[in-house]
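Below are the chains, spelled out letter by letter.
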Amino acid sequence: MSRSAGWLSLILLIAASTWAAAPIEVDPEVVAAEQQRIEVIERVSRSTVAIFEASATNGGSGVIVSEDGLVVTNFHVTAPCGALMLVATCDGRVHEAVLLGLDPTGDIALARLLGEGPWPAATLGDSRTVRVGDRAIVVGNPFLLAEDFTPSVSVGVISGVGRYQYPSGSVLEYADCLQTDAAINPGNSGGPLFDRGGRLIGINGRGSFEKRGRVNVGVGYAVSINQVKAFLSHLATGRVVDHASLGATVATRSGPTTIVTAIETGSDAYRRGLRPGDEVVALGGSDTPTANALLNAVGVLPEGWRTGLEYRRDGRLYETEVRLGPLHAPGELLEAMADAMPAPKKKLPGPPKAHYKQREGYANYAAMQSATERLLGQLRQANVSNEPVAWAYTDRLRNEPVTVRLGPDAAEWLAPSGEFACDPGRDLTNQLAPPSAPGLLGTLWMTRCLMGGEEGLLDRVEAFGRLPWNAGGTPCDVLVATHRGLRVELFLDAESGTLRGVEASRDAAEDRVRIAWRGGPSGAWPPAELEIEHGDRRVAALSSVSREGTP
Amino acid sequence: MNIALRLAFSIACIAFSIATAAAAPRGRVLEDAQLVMVKVYGTGGVAGLEAYQTGFFVDAAGVVLTVDSPVLDLDRVTLVDAFGDRVEARVAGRDAVTGLALVVPERMEPPAVVDFESAQRPASSESVWVISNAFGIAAGEEPLTVQRARVAVLAPMPLPAESRGSERRRIGVPAPSTPVLLFDAVTSNPGAGGGLAIDDTGRPIGVVGAECRSPLTGTWINYALPISAAAEAIERMRSDSQADPSLDARQAAPPRWRPVLCEIGLVLLPEVASPTPAYIEHAEAGSPAHNAGCRPDDLIVAVDGTTVGDVERAGAFIAAALRREGRAELTVLRDRGVVSLFLSRHAP
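Presented here is an overview of the structure given in this document. Only a predicted model underlies this, so the values are computations on that prediction, with no experimental measurement involved. (Residues numbered from 1 in each chain as written. Chains lettered and ligands numbered in written order. Predicted model: local features only at pLDDT ≥ 70, side-chain atom pairs only at ≥ 80, totals over all residues. Heavy atoms only, no water.)

Section: the state of the cysteines
Basically, it comes down to this: A pair of cysteine sulfur atoms is labelled a disulfide when the two atoms are within 2.5 Å.
Enumeration over the complete set of coordinates arrives at zero disulfides over all chains. Free of any disulfide, Cys 422 of chain A has its nearest cysteine sulfur in Cys 449 of chain A, 11 Å distant.

This is the structure:
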């Protein structure tokens, strides 16, 4: 008996060793795909974080988007946390993070990790290339499950793209969002949605539950990463940011076509000719056959974005450029947020003062100060002296000489066709000269102050975030200065920091003055060329005389 | 080109389509499946009852299969196809065994219809796509929700929890012990009833049934009626159509895009094989089609930028574009080159 058992075990041993010696043939493609899957899950887990309020009761998920520690999550995740939150990475460590900016409409918040980088940032994808049926990976912290902060992973497909979810009794609006059947549960909010290759394509935040209670039924929504990308620089300025609005209400008619039913007369779209009854054909290069398609195209853009607009009237197609206004009235967002934010918890420690300053109307005023300082630093690189200057130009439109004088307390425009002056010590909204470009001289004077390091003379100077100077162009850093009623925006190239253009207005309901700024051999100052427009009209095209070599 | 050559080419086309199908099937399969789907709107919207559900075209006359439900209570519904075209329809038949219903539109040319002949009996653990308007997320021309699921098992339908202790069955739910496909994903959501499950190559697998709960666990059952049972139900409703003769009469109706194309002088190749390549047979001299540059033996490969594989799809797309916008852009292959032609209904 024992002998036969011995034989049996020997045979088994031989069999086992033979089996072990002969490896199973696996298609190399399968091995590679499996290896890639493992690598992707490891990588996306590292950039996913769990977010808690300081008392560690409420929480959600988030994702690291830059090596210097920027974390994107949902507004509704950070709302109970206030300015300071605890952020846990998948290695089990817990860090502090401070709130930077809030987007209550898009349900997005930006925070910065405090501590030593570099942080394992996710690779940002392009949500426009996502197609229905693509693999989708949801990573996060559902039901606050993982005590060691290893995130949960669920996998599914993209169920829909370009979804529009109406505001449900709040300012919240999901435009052009992604729909997935990968499980999104309470606690997944603010966490990342990745594609098959581990590229970040969305921020999970909403689901359809209805009569099933608040658990996943295979219908979840993610804010598209392209929307987040357009807003990142805005959120980094510590503001409560607003979304864009065309200023028109539209309806879908048979065809389908999108017809304007009403339009605000103060909107730029109205000034560019859009009227009730017109058919909106495209915005920003996206066709807009339905009202939802138009809401999708506009809703993912920040306030102030310049974009192309195509509309049709009586069979004729019109193409123009508009600057989109804000979606909400002043104060409306702060009011809506007041309900969402709990009273400050006095007992808990606040964030370090270097990283956070409370000021009404801002998510984090310290972030605004450092963002503004960065842009002012770029402008100062032009080394503009405070001495009065007199620039000699030729106006190519009128073919006449123009002299622009800028001093500490005066700005002048001297030309045979007219001489104008502006006193920056007085209200700038009343000094409209020259009449064809109201506010031009005040704008040039304010630009001189900003470039000469004299921003202290101006009422208010703030960073805004990135906006394109031309429709479809690469977004520029925008610095907004207001002084004596005049609002001036400086557009700085995001790569080089050089001035691309200046736009100014007294009132959002009026056409703006636009000055395209082309630097000379010694940089942005003095400008070699200034192209000045007001609304649809070209006002002047100035070329530096000295550069052209003529007297 | 003679018929033999054309057939040879059509076989080459099929071979090509199979080859490309192996490389990138998913996008095309799902886009094609959306074309057969219909958003169904009816009564409801109060007391937790949805006013919307899903359906799909089952024949060229535009007859739609959906689930029986309170949405159909007034016998009148509104259908919206994949292009956002909207049409009124009436309920023409209800099947007690499966809980399915047939709806007949006043006038509609479906962009595509479900091919029951290609239907497959699914295997357990097979992956399927489930397409439905769950939660009414899609409106107008927007594509319906697509979910991924696996067939867990083919099992007899239990008596729904809602009907325990009463003789009354829940409306739209298959009779107890009817074989149904159970899925491993939550596919049975509000409005999903009448949705379509397809396999990875686009062949129909099943019809998503009305929502109901398991009598054992009280949880919602994620199931679909096998497509073969749906086909039998359609036959039952059609043969029972003394009440509604329109179902029978319509069954044999030819595809109605040919008359639309005739109006502009365009004749496509008759269906000599399945699929038949989309060759232009004839463009009447002096007609809008002829003036637009259509010539015999042009092979239509795309309509308004959307690729069309066969004559059925090409014809339906051209007719739909002409009907909606009065014009269509054809991309045709001619003498090994690609030519763009702009068809207009009203051109001289």
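Next comes the rest of the account.
Brief notes about the pairing of strand S19 (residues 306-313) of chain A
Side-chain direction in a regular strand flips from residue to residue, so the side chains alternate between the two faces of the sheet. All names here are of chain A. Using the following cut-off: Two strands pair if DSSP finds at least two bridges between them. Under the scheme used here, helices are H or I runs from DSSP no shorter than 4 residues and strands are E runs no shorter than 2 residues, and both carry numbers assigned from the N terminus.
Relative to S19, strand S17 (residues 279-283) is paired through four bridges, and the arrangement is antiparallel. Bridging across to S19, Leu 283 finds its partner in Leu 309. Of the pairings in the sheet, the one linking S19 to strand S20 (residues 316-323) comprises eight bridges and is antiparallel in character. Directly across from Leu 309, in S20, lies its bridge partner Thr 320. Hairpin connection between S19 and S20: a loop of two residues separates the two successive antiparallel strands, and Asp 314 in this loop has a positive phi of roughly 50 degrees.

Concerning unusual backbone geometry
The bulk of non-glycine residues show a negative phi, and the bulk of peptide bonds are trans. All names here are of chain A. How we decide: The classification of residues rests on relative accessible area computed with a 1.4 Å probe and restricted to protein chains. Under 20% of the type maximum is buried, over 50% is exposed, and intermediate values are partly exposed.
Omega for the bond connecting Gly 117 with Pro 118 falls within 30 degrees of zero, at -5 degrees, which places this linkage in the cis form. Considering the arrangement of structural elements, one finds Pro 118 in the loop between strand S6 (108-114) and strand S7 (123-124). The backbone of Asp 314 shows a phi angle near 50 degrees, a positive value even though the residue is not glycine. Tracing the backbone through its elements, the reader meets Asp 314 in the loop between S19 and S20. With a relative accessible area of 78%, Asp 314 lands in the exposed category.

Topic: helix H9 (residues 440-451) of chain A
Owing to its 3.6 residues per turn, the α-helix brings residues three or four apart onto one side. Residues and elements named next belong to chain A. Put simply, the test is: Multiplying one less than the number of residues by 1.5 Å gives the expected span of a helix.
For H9, spanning 12 residues, the distance from its first C-alpha to its last is 17 Å, which sits close to the expected 16 Å at 1.5 Å a residue. Taken across its 12 residues, H9 has 12 buried, putting it largely inside the fold. Within the span of H9, buried status applies to Leu 440, Leu 441, Gly 442, Thr 443, Leu 444, Trp 445, Met 446, Thr 447, Arg 448, Cys 449, Leu 450 and Met 451. With its phi angle positive at about 75 degrees, Gly 453 sits one or two positions after the end of H9.

Focus on the environment of Val 153 of chain A
Definition in use: Here, residues are in contact when the closest pair of their heavy atoms is within 4.5 Å.
Within the secondary structure layout, Val 153 of chain A lies in strand S9 (residues 152-165). If we skip the residues at most four places from it in the chain, Val 153 of chain A touches Ile 41, Ser 45, Ile 137, Val 138 and Val 139 of chain A.

So yeah, pure geometry; function would need other evidence.
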